[in-house]
Amino acid sequence: MDREEAKEFRERCAQCDAVSWGLTDEGKYYCTSCHNVTERSKDVLNSEAIPNTKIQAINRGLKKRNKLEKGWDWYVCEGFQHVLCQQAEALKALGVGPELKNQVLHNFWKRYLQKSKQAYCENPVHARKRKASVLGSPSHADWESEPALLSDASGPFVESDGPRKPSPPSRASHSEMASICSGSLDGVEYSLRKEKGLVKMAMPTTLALCGLSLLWQREALALSDLLRFVEEGHIPYVNAFERFPEEMKLYGRDKGIFAIESWPSYEDVYRQMIDVATFLDLPRFPAITEDCYLHPNILCRKYLMEVNLPDEMYDFTCQVVKMAGIGEVDFLTFDPIARKGRTVKYDVQAVAVIVTVLKLLFLLDDNVEWSLSAIAETYNEENKEDKPCFDFRKWYQVMKKSFDEKKQKWEEARAKFVWKSKKPLYHSPIDRSVVYKRREMVVNLQKQFSTLVDSIPTAPKNSPSSFQFNWTEEVTGGTCFHGHSLQGILYKKGQSVTTMNSLYWLSTQKFCKSYCKHVTTYEESNFSLTYQFIINLFSFLLRIKTYSLHEEVSLIEKRLFKKKYSTAKTKSSRSRKVRK
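Within any chain, residue numbers begin from 1 and follow the written order of that chain's sequence. Where totals are concerned, whole chains, interfaces and linings use all residues; where local detail is concerned, this predicted model gives features only for residues with pLDDT of at least 70, and gives and counts side-chain atom pairs only at 80 or more. Computation of side-chain values: all heavy atoms of the structure, hydrogens and water removed.

## Overview of the overall build of the protein
Going by this rule: A helix here means a DSSP run of H or I that spans at least four residues, while a strand means a run of E at least two residues long, and both kinds are numbered starting from the N terminus. Buried, partly exposed and exposed residues are distinguished by accessible area as a fraction of the type maximum, computed with a 1.4 Å probe on protein chains only: under 20%, between the cut-offs, and over 50%, respectively. Contacts are assigned to residue pairs that have any heavy atoms within 4.5 Å of one another.
Counting its regular elements, the protein contains 23 helices and five strands. By the burial criterion, 46% of the 580 residues in the protein qualify as buried. Intrachain contacts of the protein at a sequence separation of at least 6 include 72% that bridge at least 24 residues.

Structure follows, in C-alpha cells:
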C-alpha cells in the first residue's frame, strides 16, 4: 500500500538511482531499494485516511530494516569465537567427544581472553579504549561492559544468537567511527595492536587452539589429520565468516583479519600451538601412554596400513621406538611450563620411524633394494602356494602409480579452488550496494554461461576418512601387501633374526649449530631416487615439507646411532687439532 501511495513520486534515488518509493509514518518518501529517506514529504489532507495499524506496520518494517542494515556492535574476539564454535561443532560431527567444545576449548578460550585482557579482567582493552575516547570519568557500565557473548563466565561454549545488550551511551561515538573503517568496533585497533609477548588471534590460531584441545583430550586425530580435514572442507576455515549472523557486518579492516586466501601450513600451526600454550601458561598435558592414538607404536601401525607395507614391519618399528627412547611417557607428554619442554610432532615422528626401518631393511641406495627384490621375486615364483614374500620393486610400482594419481587430483583440486566468498566483501558501507549489485550480475552471468555450455555439476564432497588410500583386495585387484612376509630379506643367526642387509647410511653426517633455525638441510640431488620417493610419499600424506620429514629422520638416527655420531664428532675435533 505504501508503494501505491508513493507512485506519484517519480524522481530517482540520489543514492542507488532507483525509482521505487514508499512512505514513512511521518509522511516522508524512502527508497525501498536502499532505504534512503529523503526530505520530501507527502501532504496528507485527512489523517483518518491512514489507519494507525498501517502506520505501525510500516514503522516496524522500517525499524527492522534499519537495524539489520546497521548491524550489531561486535568485537573481533566475538568473530573468532564464532569461528571456534563452528570448528568445534565440525569436530564433534567427525566423532570427537562433546567435552572438547564445552570444557577444554571453552576453558582455553576464556584463558586466552583473560591473558590478552579482552575479557574476564578488571580493566579490559575495550574499556580502556573507550575511557580514553570519552571526556570525563567513565561510567560504571563502561568498566563492566564486555563483548555480549563473553559475559557468561561459567556457562558452556556457545554462540550468541539471541538479543544483544544495548550499547552504553559512551560507545556511540566509537561505534560511528568504527563503522567507517570496519564492521567491528575494534577492527582498526586490533589490526594495529602490537604488544611484546602478546599472541594475537588469527585464523591459523583457531586451528592451534583446536589442536591443543585435541591433544589435551588425547583424541584419535593428529595435527596432519586436522589440517587435511580443513583442506577437504569438513572443518570451517576458508570463508568461515560466511556463517556469521547477518547482523554481524564484516567489511574494511575485518577483511584482513577473517578473509584469508592461503591454506594453513603444518609448521605454522604447530609453532602457534607451542606459542599459545606458553602464552596461556598451560599445565602439563595428560600423559601419552601406549594405549593412546598419538603413541608412535599406534601411529606406525596406521601409516604402515596407509602406504600398503607388510604388517610384519610393525615389530621392527616397535624395536626402533624402544631403542631410540621415543616411546617413553615423559618424552611424549607435552609440558609447556617446563624450561626445556620437549615438543613432539607425533605424526611426523611415526612416519620417520617407518623411513628408518625401510633404510634398515632395504638400505634405499638405488642398489640393495633392487637386489633384494630379485631374491623375493625368485622365491615367489618357486613357492607360489606359500605366503608371498614382500617384493620392494612391485610395491614401488604399485605405490608410485597410486601416489601420482592421488597427487595429480590434489593439485587439480587446489588449482580449481575458488577463494572468493559467496558473501560479498566491501571496504565501507558506501560500497555495499555497488558490490552486491556487481556480485548479483556475476552470478546471473555464470548461471547463463553454465546453461549454454551444459556444464557438468560439481562432484559432491567426499565423506571424511582417516585413510587417503584404499588397499582392499576388491579395489586394488590383488596388489595389497599387508599380508606379505619379510622372510626373503631376513635370516636366522643363532636364536635371533637378522636382516640380509648389514649396511646403513646416515641421513645427516653433521647437524647445524644451536643458533641455526633448522636441524639440517635437505637437497634431493644428494640422495638416492628411492629415498627421495619415500620422503615425497610420506610428506604428501602429512601435507608437510620434505625437509621437515628429513630432519625428523635425522633426529631419530641421532638417538639410534649415538656411537656413530660421537665417533664422527671425535674425528672432526682431531682433524681440527692437526690443522692447528
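After that view of the structure, there is still more to cover.
## Let's talk about the pattern of salt bridges
We apply this condition: When a carboxyl oxygen of Asp or Glu is within 4 Å of a side-chain nitrogen of Lys or Arg, the pair counts as a salt bridge.
Across all of its chains, the model carries 15 salt bridges by this definition. Here E246 makes a salt bridge to K249, at a shortest N to O gap of 3.7 Å. Taking relative accessible area as the criterion, K249 reaches 8% and is therefore assigned buried.

## Let's talk about helix α10 (residues 223–231)
In terms of burial, α10 is largely enclosed, as nine of its nine residues are buried. Those residues of α10 that sit buried are L223, S224, D225, L226, L227, R228, F229, V230 and E231. Within two residues after α10, G233 carries a phi angle of roughly 90°, on the positive side.

## Brief notes about empty space enclosed by the protein
Put simply, the rule reads: Cavity: a set of points on a 1 Å grid over the protein atoms alone where a 1.4 Å probe fits but cannot get out. Pocket: an open set with protein on both sides within 12 Å along at least five of seven lines, its lining residues, like those of a cavity, having an atom within 4 Å of a point. Grid points are joined across faces, edges and corners, and a volume is the space filled by probe spheres set on the points. Amino acids are sorted into nonpolar (Ala, Val, Leu, Ile, Met, Phe, Trp, Tyr, Cys and Pro), charged (Asp, Glu, Lys and Arg) and polar (every other residue, Gly among them).
If you walk through the whole model with that rule in mind, you get three cavities of 30 Å³ or more. When its volume is computed, the largest cavity comes out at roughly 250 Å³. Taken together, the elements giving at least two residues each to the lining of the largest cavity come down to α9 (203–217), α10, α12 (266–279) and α16 (346–362). Broken down by class, the residue content of the lining of the largest cavity amounts to 16 nonpolar, two polar and three charged.

## With respect to the side chain of H234
Operational definition: Contacts described as polar in this section are N or O atom pairs within 3.5 Å, which, within protein, must combine one atom able to donate a hydrogen with one able to accept it, while residues neighboring in sequence count only if both atoms come from side chains.
Along the polypeptide, H234 turns up in the loop between α10 and α11 (253–258). A polar contact is formed between the side chain of H234 and the side chain of E232, at a distance of 3.3 Å.

## Focus: the nonpolar core
As a rule of thumb, nonpolar side chains are buried together in soluble globular proteins. Quick reminder of the rule: Joining through side-chain atoms within 4.5 Å is the link that ties buried Ala, Val, Leu, Ile, Met, Phe, Trp, Tyr and Cys residues into a set, and such a set is a nonpolar core. In this entry, domain limits derive from an automatic or database-based domain assignment.
Counting 131 residues, the largest nonpolar core has F258 and W395 as its most contacted members. Broken down by element, this core gets its largest block of residues, twelve residues, from α16. Shared between two domains, this core takes at least three residues from each, and those domains are domain 2 (73–123 + 182–282) and domain 3 (292–433 + 475–579). If near-sequence neighbours (up to four positions away) are discounted, F258 is found in contact with W74, V76, G79, F80, M203, F241, F244 and L250. By size, the runner-up hydrophobic cluster in this structure holds eight residues, among which are C13, W21, Y29 and C31.

## Some words on the pairing of strand β4 (residues 490–493)
Put simply, the rule reads: Any two strands with at least two DSSP bridges between them are considered paired.
The sheet contact formed by β4 and strand β5 (residues 496–499) spans four bridges and is antiparallel. What sits directly across from K492, in β5, is V497.

## Let's talk about the packing of aromatic side chains
To be explicit about the condition: Note on aromatic pairs: the rings of Phe, Tyr and Trp (six-membered ring only in Trp) are paired at centre separations within 6.5 Å, and the planes decide the class, stacked below 30 degrees, edge-to-face beyond 60, tilted for the rest.
Scanning the entire structure with this criterion turns up 32 aromatic pairs. A ring pair is formed by F80 and F258, whose centres lie 4.8 Å apart and whose planes are at 40°; its orientation type is tilted. Taken together, the residues F80 in helix α3 (residues 76–93) and F258 in helix α11 connect sequence positions 178 residues apart. Take F80 and F258: they sit in the same class, and that class is buried. The interplanar angle of 75° and the centroid separation of 6.3 Å between the aromatic rings of W395 and F533 together place this pair among those described as edge-to-face. With W395 in helix α18 (residues 392–416) and F533 in helix α21 (residues 529–542), the pair connects residues that are 138 residues apart, well separated along the chain. You can call W395 buried: its relative accessible area is 1%. Classification of F533 as buried rests on a relative accessible area of 7%. Members of the aromatic cluster, each reached through a chain of ring pairs, are F362, W370, F390, F392, W395, Y396, F403, W410, F481, F533 and F540.

## Some remarks on the packing of helix α13 (residues 296–306) against α16
Note the following rule: Here the axes come from fitting lines to C-alpha atoms, over the contacting stretch only for helices, and the angles between their N-to-C directions go from 0 to 180 degrees. We call two directions roughly parallel when the angle between them is under 35 degrees, roughly antiparallel when it is over 145, roughly perpendicular when it lies between 65 and 115, and oblique otherwise. Helix crossings are classified by the rotation of the near helix relative to the far one: an anticlockwise turn of less than a right angle makes the crossing left-handed, while a clockwise turn makes it right-handed.
For the pair α13 and α16, interaxial distance at closest approach is 9 Å and the crossing angle is 65°. Judged by the angle between their axes, α13 and α16 are roughly perpendicular. In the crossing of α13 with α16, the sense of the turn from one axis to the other is right-handed. Judged by residue contacts, P296, L299, C300, Y303 and L304 of α13 engage Y346, D347, Q349, A350, V351, V353 and I354 from α16. Here the residues of the contact of α13 with α16 sort into ten nonpolar, one polar and one charged.

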